[in-house]
Amino acid sequence: MKVLITGATGLIGTQLTKECHNAGISVNYLTTSKKKIENKPNYKGFYWNPYKEEIDPDAFTDVTTIINLVGATISKRWTKSYKKTIIESRTQTANLIFKTLKNNKTSVRHFISASGVSIYPNSESRLYTEEDTAVDDTFLAEVVQKWEASADQFKKLDMRVAKVRTGVVLAEEEGAFPKLLKPIEKGFGAPLGSGKQWLSWIHIDDIACVYVHIIKNGLRGIYNATAPNPVTNEKMTRKIASYLNKDLWLPNVPGFVLRLILGEMAVLVLKGQLVSSKKLEESGFEFRYVNVAPAIKNLLK
Ligand SMILES: NC(=O)c1ccc[n+]([C@@H]2O[C@H](COP(=O)([O-])OP(=O)(O)OC[C@H]3O[C@@H](n4cnc5c(N)ncnc54)[C@H](OP(=O)(O)O)[C@@H]3O)[C@@H](O)[C@H]2O)c1
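Source: prediction; values computed, not measured. (Residues numbered from 1 in each chain as written. Predicted model: local features only at pLDDT ≥ 70, side-chain atom pairs only at ≥ 80, totals over all residues. Heavy atoms only, no water.)

A. Just the site of the ligand, in detail. Near the ligand you find 23 residues, and of these T9, T31, T32, K36 and Y51 are the closest. One of the side-chain nitrogen or oxygen atoms of T32 is found 2.6 Å away from an oxygen atom of the ligand. Surface burial for the ligand is 80%, taken as the share of its 890 Å² of free accessible area covered by protein chains. Take the shell around the ligand: its biggest share by element is three residues, from helix α2 (residues 80-103). For the shell around the ligand, the residue count by class is 10 nonpolar, 11 polar and two charged. (Near = heavy atom within 4 Å. Polar contact = N/O pair within 3.5 Å; in protein donor to acceptor, adjacent residues only side chain to side chain. Areas by Shrake-Rupley, 256 points an atom, 1.4 Å probe, with all protein chains shown as cover. Helix = DSSP H or I, 4+ residues; strand = E, 2+ residues; numbered from the N terminus. Nonpolar A, V, L, I, M, F, W, Y, C, P; charged D, E, K, R; others polar.)

B. Spatial organisation of the layout of surface pockets. Taken as a whole, the second largest pocket spans an internal volume of roughly 250 Å³. At four residues, the largest contribution of residues to the lining of the second largest pocket is made by helix α1 (residues 11-22). Among the residues forming the lining of the second largest pocket, the class breakdown is four nonpolar, four polar and six charged. (1 Å grid on protein atoms, 1.4 Å probe; cavity = no way out; pocket = protein on both sides within 12 Å on 5 of 7 lines; lining within 4 Å. Points joined across faces, edges and corners; volume = space filled by probe spheres on them.)

C. View of the nonpolar core. Counting 50 residues, the largest nonpolar core has L16, I67, I207, V210 and Y211 as the members making the most contacts within it. In terms of residues, this core owes the most to one element, helix α5 (residues 204-217), which gives nine residues. (Core = buried A, V, L, I, M, F, W, Y, C linked by side-chain atoms within 4.5 Å. Buried < 20%, exposed > 50% of the residue type's maximum accessible area, 1.4 Å probe, protein only.)

D. Expanded view of unusual backbone geometry. Notably, D62 is not glycine yet its phi reads approximately 65°, a positive angle. One can find D62 in the loop between β5 (54-55) and β6 (65-68). Although it is not a glycine, N245 adopts a positive phi angle of roughly 55°. Along the polypeptide, N245 turns up in the loop between α6 (233-243) and α7 (255-262).

E. Summary view of the environment of L274. Residue placement: L274 occurs in strand β15 (residues 274-275). On the accessibility criterion, L274 (14% relative accessible area) is buried. Residue contacts for L274: discarding those within four places in its chain leaves S123, S125, R126, L127, Y128, W198, S200 and P230. (Contact = heavy atoms within 4.5 Å.)

F. The arrangement of the pattern of salt bridges in detail. If you walk through the whole model with that rule in mind, you get 15 salt bridges. Residues E53 and K99 are paired through a salt bridge, measuring 2.7 Å at the closest nitrogen-oxygen approach. Taken as a pair, E53 in the loop between β4 (43-49) and β5 and K99 in helix α2 lie far apart in primary sequence, 46 residues in all. Given the relative accessible area of 48%, E53 is considered partly exposed. Among the ionic pairs, E234 bridges to R238, the shortest N-O distance being 3.0 Å. Of this pair, E234 and R238 both sit in helix α6, four residues apart, which is roughly one turn of the helix. (Salt bridge = Lys/Arg side-chain N within 4 Å of Asp/Glu carboxyl O.)

Spelled out as structure tokens, the structure:
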């Protein structure tokens, strides 16, 4: 079996490539960076420039599933023009793949798109399942809506479409975890805002295996990809501090201070959603990291 991954060179894509290889699945990938192109028997890179509509059609040869992970990072200041980049790096990329599949005969039957739990409105008490249709009023929710709509167009080609609403991915060297870790390590860590906002997390090994599970089982529809036991920002901060043997002596960082520093991006740390993983588990997926303590222990080992 062969898959095509966009964003394969990123945090999730790198781990997903490893898990695909463990499962005997070959990987083609599209990259916007010519220097990232490799050519191995089970790992072949192809160049694309989605904004100039340049794509190498050979990337699709013998591919049955596409995993669309591409997307400009959301952890960079949200200026008006960068917001456009965040959206277009998700929509124009999917549009170009759609156009290519529409105009060429290929063996692709399954399109799996990354997505985010930030579509669900901020709440301290509501448990969100894939059935919930409420949409938050933030920029991130707008991104997710446009992103999922661009994935849904593949249904017109009679393809199965899956959308993976991903929580905060915990990995050792990149993403949210090192950012949470650093201030605590330096002795000035503290919960953010009320500390009660939910942090629906997932370990990097698990998110990669979620994609392999969806590929292997040909799943379609929305799947929340978050560990079964989300924690609050305060609990996450305290757990990390306890593994590092650090005291949390400072008061919570007030929300207004974070809004002053981060502007609109403060929603990333001040808002959160309590998200259910039940649908994924009922589809037969088994999490390696169900609780946050073993996940932190693994990342700090
Ligand atoms: N990590 C998380 O906590 C998390 C949570 C929820 C959702 N997600 C979503 O899951 C996907 C993968 O996440 P990740 O953490 O692995 O992302 P990542 O490490 O930032 O990698 C994304 C990849 O997308 C490509 N890319 C970046 N900017 C681009 C642009 N402006 N135009 C076109 N391509 C661009 C790059 O690949 P090339 O250089 O090879 O082109 C990059 O390696 C993303 O869409 C992300 O939003 C992630």
